[in-house]
Amino acid sequence: METYKINVNGVSKQVTVDPGTPLLWVLREELKMTGTKYGCGIGACGACTVHLDGVATRSCVVPISLVGNRPVVTIEAIATDPLGRTVQDEWVSLDVVQCGYCQSGQIMSAVALLKSIPKPTDTEIEESMGGNLCRCATYLRIREAIKSASQQLKR
Amino acid sequence: MRDIHTTGNVLNLTRRSFLRVSASAAGGLLVSLHLDLPLAAQEGAQPKPKAYPPDAFVQIKPDGKILITVNRLEFGQGVYTSLPMILADEMDADWSHVMAELAPAADVYKDPLYGIQMVGGSGSIAHSFQQYREVGAKTRAMLVAAAAGQWKVAPDQCRTEASVVHGPSGQSAQYAELAQAAARQPVPATVQLKTPSQFRLVGKPVRRLDSRPKCDGSIKFGLDLDLPGMKTAVVARPPVFGGRVKTFDDKAARSIEGVREVFEIPLVRGTAMAVVADKFWTAKQARDRLKIDWDVSAVEHVGTEELSAKYKELARTPGNIAVNRGDQKAMDAVSPANQIVAEYEFPYLAHAPMEPLNTTIRFDGDRAEVWAGSQFQTVDQMAIAEVLGLKPEQVTFHTEMAGGGFGRRAVPDSHVQREAAAIAKRFRGTPVKLVWTREDDVQGGYYRPMHVHRVQIGIDHGGMPIAWRHVIVGQSIVTGTPFAALLIKNGVDETAVEGSADTHYKIPNFHVSAHHPTVNVPVLWWRSVGHTHSGFVMETLVDELATRAKMDPIAYRLKLLSPDAKKLRACLALLEQKSATWRKSVPRNHAVGIACHESFETGVACAVEVSIEDQRPRIHRATIAVDPGVAVNPLTIESQMQGGLGFGVTQLMAKGAITLKNGRVEQRNFDGYTPPYIKDVPVAVDVHIVPGTEKPSGCGEPPVPVIAPAVVNALAKLTGKRYRSLPLVSL
Amino acid sequence: MMLGHVAPSGATRKFSTMRYCKIALLFALVALTGCTYNPPKMATTRADGLAAWQQVYSVLTHPRCINCHTATNYPQQGDDRHRHFANVVRGPEGKGVPALQCVTCHQDANADSTGLPGAHDWHLAPLSMKWQDLNDKVLSSAEICGAITDRSKNNNRDGAALLKHHTEEPLALWAFQPGRRIDGSMRTLPPLTREEFVAATRKWVEAGTPCPQTH
């Protein structure tokens, strides 16, 4: 067991866990933040996506020992970012979700895409969202919501 | 009390029902619907009406909020919104004030047709449409009676709109104000339901009630549950189904800080090791360090290769007869040149819902409390009670929001719940959450069974089939379950032959039979069940016949369909209308594929545009026409059509198969069993609903069977090959 | 394991064992002096250089290296070099695409608790450094040697710079400490140790980075 200080959504937190504990489980079980989901544990589905120092990161494969002082942003705080709020609003407006389990990760990935490419092409959307799994197959409305959010962003 | 016959029920159950109305403690109105149902024979005693709460369907809160209880699990299909819509519409409730909650396990929430609390068979709207309408209408009637009584006017002089009763002389009263008075009204024996033109919500594209919480991280699924003092358990299961623990060494496991207990538990078949710890990661680490010596000597070690060979051999002999129409000798009169003989093969499929299976149970000795995203609440409740030595009514069962199911959460043997109960039993007073990892899920069985079909078709000079001999080989899903009495006839499991035996194509001299080998792999229904493979076989063979006859695939189907196949005919006509233009102008390397299928009383017809990119089928677009009778929420229906097509693509994925070698499942996680990602599903899907006034039928499963055959029918045009083995490993 | 044109392993092993002591001595001297040591120009024949190159080639074409030296727009993974899961793609700079970058999963060090390999700035080698063709067939010894000595393709590296790359580049060094898979097993190592690899590179560089004839 070791003690780590991490910055989550702007707040400094301290946890004492085994160094190999993935960031995902630190968030879910130590900090009781369950918005970030467990889907596979091997980085194949994206349900666990957070932003680590601004980079979309799959928290299920990153042990707490490798996080360091890089700030973590999770789905719970994404609405404080105007872009994040726009993406969420489009998700709601277009009725994207079905079971909803993958959507935290989908939204986090979509926000990372739009931060980097405000007006993505269809190909860019498909490539960037290409590793986020949705068993309900809400992919069509995800595409539409990203395009719609993109249109609403100021240049 | 009055007998009410639910329209359209196949079984035509007679049921006594009454509304019991009471004032709720907080001053609102609590409306319960009690159903004394004759249960399916195997379930035994009649349910007794329950005291309130928990069996309320609608509560009017003093602040005007209206809480509607949904009797089915919400796992993506949208009932959390569409069932409340139905009730709120008849009630004339202000939709902006409506909230929903998932019902706990209770007799009053049982499916009116099947007599268990369930979601499955695409039956939520179909079976509860009438039910929710009546509760809504009767609630409205009592609110009106209360207002009319206060204003000393006749009820029929009043009208209602958006949670307000309006009197004939400008009087008005909010539902919240009337609630107490309404509670004292007698429950009307009969009630007038709305005509379709009076619907304000039903038939409209109403947005989901659960979207925002699912987008901001606040929604809680079963896996997210956190209770004071809760422990987490994982289970090490035998590498071969049915194996048993022989010996184990838990020293290393127990040495990890936070591990509470390590012990053997019984499984439905065999035994396993449970590890209970303070946290999930701790439990998982401890399980990884467990050294277990398994006894797998007494169970069959299944290998996909051997099973495939065995099935193909079996398929060459007639099985138990599912349907035998006409004269089997008719085939002998057809020369081989005018026959198609086709052998199809389908693998085991895992459901792999995004939320891995989990259940939380706290056992208190004389009662227990359960939290689970279950498709089979009352079945699971009974199983948990049995393991804990309790009566079902001593088990409070909370239904949690679930991250997908597709059938995986509707398990007749309740094996997950039984594991959880066996563990909770050791931790009296402490809530224990059992978690299945993704590896547990991929390797844990309860798959869509492996199948082989062998079909022999005799064709006349007009290109129409005049004889059809069809043998299906695959495990029976319902054998050994309470559903067997209902669904096995003449040794044939209906869930294995649905989609072929009950085809709407008019084929003379039609013979379908089935073999159900016993195999040491647990199997289960996978979204659209038998239609997943039978639909593929029928729609690819019909397509092949159409090509041989040099006929347009839609025209051929219309010619071959029975005149009674109203829904399929309507769907094909609508499909033709909505896709004719683009189908005529696809680019050179693209092809069009057609498929239609009826399942769960809903007809679906689909056209896809496909090309080959990166050696995989690229589905550029799909047009789908659906006939679900009355369309309660077109926005939900569109999402189910789009999602169902995408889900059906699982069958085409190169790594879309569960295989076994020497009894062991070869795949571990999404790297080895790979479901569709965004690039694998149709890029665009336009959905068209046949306008209908017939009773609503389901939308969750009907789209699934058509995508694989439609795509493969398109590929046949591009490569000249007919694909009869799924998944599509190579083109 | 496909390694293309490789000298029989027995001969290679014997060769490296013979040379090991001299190389070990050189390393020791470098460690003691603490400064860059320019070895005296031993009479490294072309034949010696080519043999050394074969050893280098055996490492470069091992899955731990070649999985990121693809000709396609995706990396490979595993000893069977199958396409990397989750549809990860090369992206404009070989670092993936927004929301699905290499560093979306791969951190600066191996994560043995989750089976994720890692090293600083995980990314694909540029297409100029592809060591297999579009059908995943490993390129020949001559082809790869030609590519990595082509200064228009190799980021303008001369022999000394190539040696430095093989000695210091974190991603190259990762191959020799590739970490554990999710099931706890160690990833398969290249046929040489890191020291042997560096020594072979040095020998090859001393010989003037000769390449085998194209065939």
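Residues numbered from 1 in each chain as written. Chains lettered and ligands numbered in written order. Predicted model: local features only at pLDDT ≥ 70, side-chain atom pairs only at ≥ 80, totals over all residues.

Caption draft 1: Focus on the overall build of chain A. When you go through chain A residue by residue, the secondary structure sums to five helices and five strands. Computed over its C-alpha atoms, the radius of gyration of chain A comes to 15 Å, within 12% of the 15 Å expected for a compact globule of 155 residues. Projected onto its principal axes, the C-alpha coordinates of chain A cover approximately 45 × 30 × 25 Å. Within the span of chain A, comprising 155 residues, buried residues form 64% of the whole. Here the contacts in chain A between residues at least 6 apart in sequence split such that 60% fall between residues at least 24 apart. (Helix = DSSP H or I, 4+ residues; strand = E, 2+ residues; numbered from the N terminus. Rg over C-alpha atoms; globule rule 2.2 N^0.38 Å. Buried ≥ 20, exposed ≤ 12 C-beta atoms within 10 Å, placed from the backbone. Contact = placed C-beta atoms within 7 Å.)

Caption draft 2: How the structure looks around the overall build of chain C. Counting its regular elements, chain C contains seven helices and four strands. The buried share of chain C, taken over its 215 residues, is 38%. A fraction of 64% describes how many contacts in chain C between residues 6 or more apart in sequence connect residues 24 or more apart.

Caption draft 3: Inspection of helix H1 (residues 23–30) of chain A at higher detail. In terms of burial, H1(A) is largely enclosed, as seven of its eight residues are buried. Where H1(A) is concerned, the buried positions are A:Leu23, A:Leu24, A:Trp25, A:Val26, A:Leu27, A:Arg28 and A:Glu29. In this fold, the buried residues of H1(A) make contact with strand E2 (11–17) of chain A together with helix H6 (280–288) of chain B. A positive backbone phi angle near 60° is found at A:Lys32, which sits one or two residues after H1(A).

Caption draft 4: The interface of chain A and chain B, seen in detail. In this complex, chain A contributes 44 residues to the contact, which on the side of chain B involves 48 residues. Looking at the side of chain A that touches chain B, the elements that each hand over two or more residues are H1, helix H2 (82–93), helix H3 (103–116) and helix H5 (139–152) of chain A.

Caption draft 5: Quick peek at the domain arrangement of chain A. All names here are of chain A. We note that the domain assignment places domain 1 (2–75) and domain 2 (77–152) within chain A. One C-alpha centre belongs to domain 1, the other to domain 2; they are set 21 Å apart. With 16 residues of domain 1 at the interface, the matching set in domain 2 holds 13 residues. Broken down by class, the residue content of the side of domain 1 that touches domain 2 amounts to seven nonpolar, eight polar and one charged. (Domains from an automatic or database assignment. Nonpolar A, V, L, I, M, F, W, Y, C, P; charged D, E, K, R; others polar.)

Caption draft 6: Structural view of the nonpolar core. In terms of nonpolar packing, the biggest core is built from 285 residues, with B:Val275, B:Cys571, B:Cys606 and B:Val711 touching the most fellow members. When residues in this core are grouped by element, the largest group, 14 residues, is from helix H2 (residues 124–151) of chain B. Among residues more than four places away in sequence, those in contact with B:Val711 are B:Gly593, B:Val608, B:Val610, B:Pro617, B:Ile619 and B:Leu652. With 25 residues, the next largest nonpolar core counts C:Ala52, C:Ile66, C:Met129 and C:Ala207 among its residues. (Core = buried A, V, L, I, M, F, W, Y, C linked by C-beta atoms within 7 Å.)

Caption draft 7: Looking closely at the sheet that holds strand E18 (residues 368–372) of chain B. All names here are of chain B. With mixed pairing, seven strands are arranged side by side in an open sheet as E12-E13-E10-E20-E17-E18-E19. Both outer strands of the open sheet, strand E12 (259–266) and strand E19 (395–399), are each paired with one neighbouring strand and no more. For this sheet, the mean angle separating the axes of adjacent strands, direction not counted, is 20°. As paired strands, strand E10 (residues 231–236) and strand E13 (residues 271–277) are joined by five bridges and run antiparallel to one another. (Pairing = 2+ DSSP bridges. Axes fitted to C-alpha atoms, helices over the stretch in contact; angles between N-to-C directions.)

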